[in-house]
Every structure is written in C-alpha cells, then in structure tokens.
Amino acid sequence: MGYIEDTISDNEKIVYVVQFHWIYTFIAFLYLIFLGLLLIGIFIFIKMMINKWTTERALTNTRYIQKIGWISRNTEEIGINKIEEVDLTQSILGRILGYGSISISGTGSGHILLKDIDAPLSFQKSLNDLRFNNSIS
C-alpha cells in the first residue's frame, strides 16, 4: 500500500482496504487460456494483472483514496463529508460469491467506480458508518 500510506496525514487512519475479488484474476486467466493462442488473450491478461497489481484503494477516517497506474498515475480522492451517494451493484453470481461494484458520487466531484471488489457490502457499511459519524460531529 505504498502510495496511500505515503500520502495520508499523521492523524489519518486507514479504515478499510478495498481488494479485487478472486473472480477478477479468474477472468484474466480465462482470457489467457481461451484467447492466448490468438495473442490477444495474453495482452488482455497482462493488462488486467497490471491493473490489479498497480491499483491501491483505501478508505480512511476522512476520505476515500484510489490510485491506479504503473508508469503513469491516476488518483482520485473524495472527502467523507463530500460523499452524497453510494450505490451497490451485484449480479446473482456476485451475491453468491461475494463480489460486486460500488459507485461513489459526491458534491463538486466526479463519479468513482470500484469494479469487481471483494465484500462490497462490508465496504459500503464501513463507508456509511463513517458518513454518519462525520455528519453527527
């Protein structure tokens, strides 16, 4: 968790680390197996795995931070008090296996999408707990 740990302040604590679900890696291997002979499967596999290895996503007690990228870096942050909406999307298979996607929308900021994350309900609960606690303070 290099980038996030380097950028958080001293009084900021990581509350939740968002991980890719194992299904993401499984799908990457399916591309490699079924399209690997066409070379496109190898490129898709490498792209998906680099994305997985270079993505850092964490929820702190004051904000959500996401860093994507290896050579170039794309970061997105949103303060807990600026979050307006947290939407969960889960397919039937996602509910059975425990993965899904979360969409975060905030005031004055864009839209952050977390695809194929592990335990999305747990993340959503942690985020909503922080939002509620910050609105009381």
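Quick look at the structure, then.

Rules used throughout
- Residues numbered from 1 in each chain as written.
- Predicted model: local features only at pLDDT ≥ 70, side-chain atom pairs only at ≥ 80, totals over all residues.
- Heavy atoms only, no water.
- Helix = DSSP H or I, 4+ residues; strand = E, 2+ residues; numbered from the N terminus.
- Expected span 1.5 Å × (residues − 1).
- Buried < 20%, exposed > 50% of the residue type's maximum accessible area, 1.4 Å probe, protein only.
- Contact = heavy atoms within 4.5 Å.
- Pairing = 2+ DSSP bridges.

1. Examining helix α3 (residues 40-54)
- With 15 residues, α3 extends 21 Å from end C-alpha to end C-alpha; this agrees with the ideal 21 Å at 1.5 Å per step.
- Residues of α3 that are buried include every one of G41, F45, M48, M49 and T54, and no others.
- Summarising the contacts, the buried residues of α3 are in contact with α2 (22-35), β2 (56-60) and β3 (63-68).

2. Brief notes about the pairing of strand β4 (residues 74-79)
- By the bridge criterion, 6 bridges tie β3 to β4 in an arrangement that is antiparallel. Counterpart to R63 in the pairing with β4 is G79.
- Linking β3 to β4, which pair antiparallel, is a turn of 5 residues; within it G69 sits at a positive phi near 130 degrees.

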